Amino acid sequence: SAVISQKPSRDICQRGTSLTIQCQVDSQVTMMFWYRQQPGQSLTLIATANQGSEATYESGFVIDKFPISRPNLTFSTLTVSNMSPEDSSIYLCSVRTDVREQYFGPGTRLTVT
Amino acid sequence: QQQVKQSPQSLIVQKGGIPIINCAYENTAFDYFPWYQQFPGKGPALLIAIRPDVSEKKEGRFTISFNKSAKQFSLHIMDSQPGDSATYFCAATDSWGKLQFGAGTQVVVTP
């Protein structure tokens, strides 16, 4: 298994500002992902965080809005840029182990006012 | 287009009952089917997973049934307890592909 921590756990931000979310894993993992989950909804994949190269974004998500860093095999950041109230959501970091099990962090609850 | 269809959206059972959640998929390349349990305010937790070479897998009170020909799989919670009240998500993926999630089922177990 993998133990994942995220910072911050929650934040309230003003429109037009940016927030960087940190994800730390207790072991080296190849695959790291960022998801968004709106209240009462399923999980939507934002991007795959690639170590040493640019992240791979899903349809509807762009690097300018959600820049991602992955400096090593245990850490990643997701920035939500130029926020609007529509960005209010839970943002989740996730990792996949070598046996294909995928684990999720506790999430960051973002409210944009 | 949702690749994994999950039902029901919600269900309520009494303590000791057996809530059953069903999922269906179309992509025959899917070969790994996990279930996640999510409590309010928490991230999803991997509960149990199955591969298509087995028809059933049990872990504690949780059982997955898998019907490869019908492309369906289901989660049964045996002897359900109020502490099992949560949202459950099924998912599916092919080799090293991205997880495709169902819409989720909110389960309420009454005392």
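Residues numbered from 1 in each chain as written. Chains lettered and ligands numbered in written order. Predicted model: local features only at pLDDT ≥ 70, side-chain atom pairs only at ≥ 80, totals over all residues. Heavy atoms only, no water.

**Describing empty space enclosed by the protein**
Tallying each qualifying case throughout the model produces one cavity of 30 Å³ or more. In this structure, the largest cavity spans a volume of roughly 50 Å³. Considering the residues around the largest cavity, the lining is formed by eleven residues, among which Arg96, Arg100 and Gln102 of chain A together with Tyr32 and Thr93 of chain B are closest to the centre. A per-class count over the lining of the largest cavity returns five nonpolar, three polar and three charged. (1 Å grid on protein atoms, 1.4 Å probe; cavity = no way out; pocket = protein on both sides within 12 Å on 5 of 7 lines; lining within 4 Å. Points joined across faces, edges and corners; volume = space filled by probe spheres on them. Nonpolar A, V, L, I, M, F, W, Y, C, P; charged D, E, K, R; others polar.)

**Comments concerning the side chain of Thr48 of chain A**
Residue and element names in this part refer to chain A. Secondary-structure assignment places Thr48 in strand 5 (residues 43–49). Assessed through its relative accessible area of 10%, Thr48 is described here as buried. In contact with Thr48, not counting residues within four places along its chain, are Met32, Phe33, Ala55 and Thr56. (Helix = DSSP H or I, 4+ residues; strand = E, 2+ residues; numbered from the N terminus. Buried < 20%, exposed > 50% of the residue type's maximum accessible area, 1.4 Å probe, protein only. Contact = heavy atoms within 4.5 Å.)

**Notes on the sheet that holds strand 7 (residues 62–67) of chain B**
All names here are of chain B. Strands sit in the order 1-3-8-7-6 across an open sheet of five strands; the sheet is antiparallel. Each end of this open sheet is capped by a strand with a single partner; those strands are strand 1 (4–7) and strand 6 (56–59). When the angles between neighbouring strand axes are averaged without regard to direction, this sheet yields 15°. Note that strand 7 and strand 8 (residues 72–77) share six bridges and pair antiparallel. Note on strand 8: the bridge partner recorded for Phe66 is Phe73. (Pairing = 2+ DSSP bridges. Axes fitted to C-alpha atoms, helices over the stretch in contact; angles between N-to-C directions.)

**Some points on the layout of surface pockets**
For the largest pocket, the calculated volume is near 820 Å³. Those elements that provide at least two residues to the lining of the largest pocket are strand 4 (31–37) and strand 5 of chain A together with strand 9 (86–92), strand 10 (100–101) and strand 11 (105–110) of chain B. Of the residues assigned to the lining of the largest pocket, the class counts are 13 nonpolar, 19 polar and five charged. In this structure, the second largest pocket occupies an estimated 220 Å³ of space. Residue lining of the second largest pocket: 14 residues in total, with Glu101 of chain A together with Ile48, Ala49, Lys57 and Glu59 of chain B positioned closest to the centre. Counting only elements with at least two residues in the lining of the second largest pocket, the list comes to strand 5 (45–50) and strand 6 of chain B. At five residues, strand 5 of chain B tops the list of elements feeding residues into the lining of the second largest pocket.

**Let's talk about the sheet that holds strand 1 (residues 4–7) of chain A**
All names here are of chain A. The four strands are arranged 1-3-8-7 in an open sheet whose pairing can be described as antiparallel. Among the strands making up the open sheet, the edge pair consists of strand 1 and strand 7 (68–72). Neighbouring strand axes in the sheet, compared pairwise and without regard to direction, differ in orientation by 15° on average. For strand 7 and strand 8 (residues 75–80), the ladder comprises three bridges, and the chain directions are antiparallel. If you follow Ser69 over to strand 8, its bridge partner there is Thr77.

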